[in-house]
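What the coordinates show
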Amino acid sequence: MGTKKNKKQKREDYRAAMKQDDVLTMPRKKFYRQRAHANPFSDHQLVYPPHPDQMDWSTLYPAYVAQEEPQPEAAPSTTEQIPEQDLSAPVKPKKLTQDVEVADIGCGFGGLLIALAPIMPQTLVLGLEIRVSVTQFVEDRIKVLRRQNEETKAYQNVSVLRANTMKFLPNFFRQGQLSKIFICFPDPHFKARKHKQRIVSTTLNSEYAYAVRPGGIVYTITDVPDLHGWMVQHFEAHPMFERVGLEEQEGDPCVEVMRNATEEGKKVERNKGEKFVALFRRLEDPVF
């Protein structure tokens, strides 16, 4: 018990030290280890906005916070009593100069996020991860990269958020807000009774169709042939998606990044495994 407690204390001490503003060394994964997968149907005590307009992005993208114009104060009337402030009213979040447009669902240790930052420098990219320790690792990783690149302002356009996208994706994104969604090496949930936990399904694809604008792309990659077939089947069966052709797929620079930048992708490469890629375009909304 003493050894286990000592390891836990070491992890806590290390993470506390990483929160200091002057840290310039990259976080080490061994202090952020967690189970490879989490049950998306469990109660994870997550905090999420009731509506996308109430989401405060300012702490995630501080370099993109819009400057608010000062409002002139009205002179109080001499005859009317000044109304008391309604403290129960929701606090209006700070606005950004632009919206988040790209989401990496189940971003893991953030390899894709970090790789996308320089090739999409004018786009806000968000990683969504359900595991606490892994989210903390990515957050610390981005903070260090921002400090290391203060002069160039690199990596200000990427961030991470702990969230369960199977439950709360529409709470964060408005209809048609996203141009790209990445689903990289998701949990295959091999057992048939666990298929309902797969991140691609008829119901979830409708939520992706809601969040992705017409012409936007959903990127998928896995090293599991059965899961690849499942994702292709479900997206092709959905009326709001069509599969992107092979020539266009291979000409997309994001595909090469997706193949080689993620930790899982590198692991598959080391094991000389095969990677299965499929892209799906969001179709135009039907006209009635």
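Throughout what follows, the structure given in this document is the object of discussion. (Residues numbered from 1 in each chain as written. Predicted model: local features only at pLDDT ≥ 70, side-chain atom pairs only at ≥ 80, totals over all residues. Heavy atoms only, no water.)

Comments concerning the sheet that holds strand β5 (residues 212-222)
Put simply, the rule is: Here, any two strands with at least 2 DSSP bridges between them count as paired. Only DSSP runs of H or I covering at least 4 residues are called helices, and only runs of E covering at least 2 are called strands; the numbering of each starts at the N terminus. As a rule, the C-alpha atoms of each element are fitted with a line to give its axis, helices using only the stretch in contact, and angles between N-to-C directions run from 0 to 180 degrees. Here, residues are in contact when the closest pair of their heavy atoms is within 4.5 Å.
Ordered in space as β3-β2-β1-β4-β5-β7-β6, the seven strands form an open sheet in which the pairing is mixed. Two strands close off the open sheet at either side, each with one partner strand: β3 (158-162) and β6 (241-243). Strand-to-strand twist in this sheet, taken as the mean axis angle between neighbours without regard to direction, amounts to 20 degrees. Direction of pairing for strand β2 (residues 124-129) relative to β3: parallel, over a ladder of five bridges. The residue of β3 that forms the bridge with Leu 128 is Leu 161. Its contacts with the sheet place helix α2 (residues 111-119) against β1 (100-105), β2, β3 and β4 (178-184), and it is angled at close to 180 degrees to β2. Running at roughly 30 degrees to β5, helix α8 (residues 253-261) makes contact with β4, β5 and β7 (276-282) of the sheet.

A closer look at the pairing of β7
Regular strands show a simple pattern: their side chains alternate between the two faces of the sheet. Going by this rule: For every residue, the accessible area (1.4 Å probe, protein chains only) is compared with the maximum for its type, and the residue is labelled buried under 20%, exposed over 50%, or partly exposed between those bounds.
Taken across its seven residues, β7 has seven buried, putting it largely inside the fold. Covered by surrounding structure in β7 are Phe 276, Ala 278, Phe 280 and Arg 282 together with Val 277, Leu 279 and Arg 281, the residues of both alternating faces. Of the strand pairs in this sheet, β5 and β7 are connected by six bridges, and their pairing is antiparallel. Among the inter-strand pairings, Tyr 219 is bridged to a residue of β7, identified as Leu 279.

Re the packing of aromatic side chains
Selection criterion: Each pair of aromatic rings taken from Phe, Tyr and Trp, with Trp reduced to its six-membered ring, is defined by centres within 6.5 Å and is described as stacked if the planes are under 30 degrees apart, edge-to-face if over 60, and tilted in the remaining cases. Any Lys NZ or Arg CZ that is within 6 Å of a ring centre and within 35 degrees of that ring's normal is treated as a charge sitting over the ring.
Enumeration according to the criterion identifies eight aromatic pairs in this entry. Seen in terms of ring centroids, Phe 235 and Phe 241 are 5.1 Å apart; in terms of plane orientation they differ by 85 degrees. Their pairing is edge-to-face. An identical accessibility class is assigned to Phe 235 and Phe 241; each is buried. Through a chain of ring-to-ring contacts, the aromatic side chains of Tyr 208, Phe 235, Phe 241 and Phe 280 assemble into a single cluster. Sitting above the plane of the Trp 230 ring, Arg 198 keeps its charged end 4.7 Å from the centroid.

Points about the nonpolar core
For soluble globular proteins, nonpolar side chains are generally found buried alongside one another. Inclusion rule: The term nonpolar core refers to a set of buried residues drawn from Ala, Val, Leu, Ile, Met, Phe, Trp, Tyr and Cys, joined through side-chain atoms within 4.5 Å.
The biggest cluster of nonpolar side chains holds 41 residues, and the ones touching the most others in it are Trp 57, Tyr 61, Leu 126, Leu 128, Phe 173, Ile 181 and Tyr 208. Every element with two or more residues in this core is listed here: β1, β2, α4 (165-172), β4, α5 (202-211), β5, α6 (225-237) and β7. The element contributing the most residues to this core is α6, with five residues. If sequence neighbours within four positions are ignored, Leu 126 has contacts with Trp 57, Leu 60, Tyr 61, Val 100, Val 102, Ala 103, Asp 104, Leu 113, Ser 159, Val 160, Leu 161 and Phe 173.

Nothing here speaks to function; it is geometry throughout.
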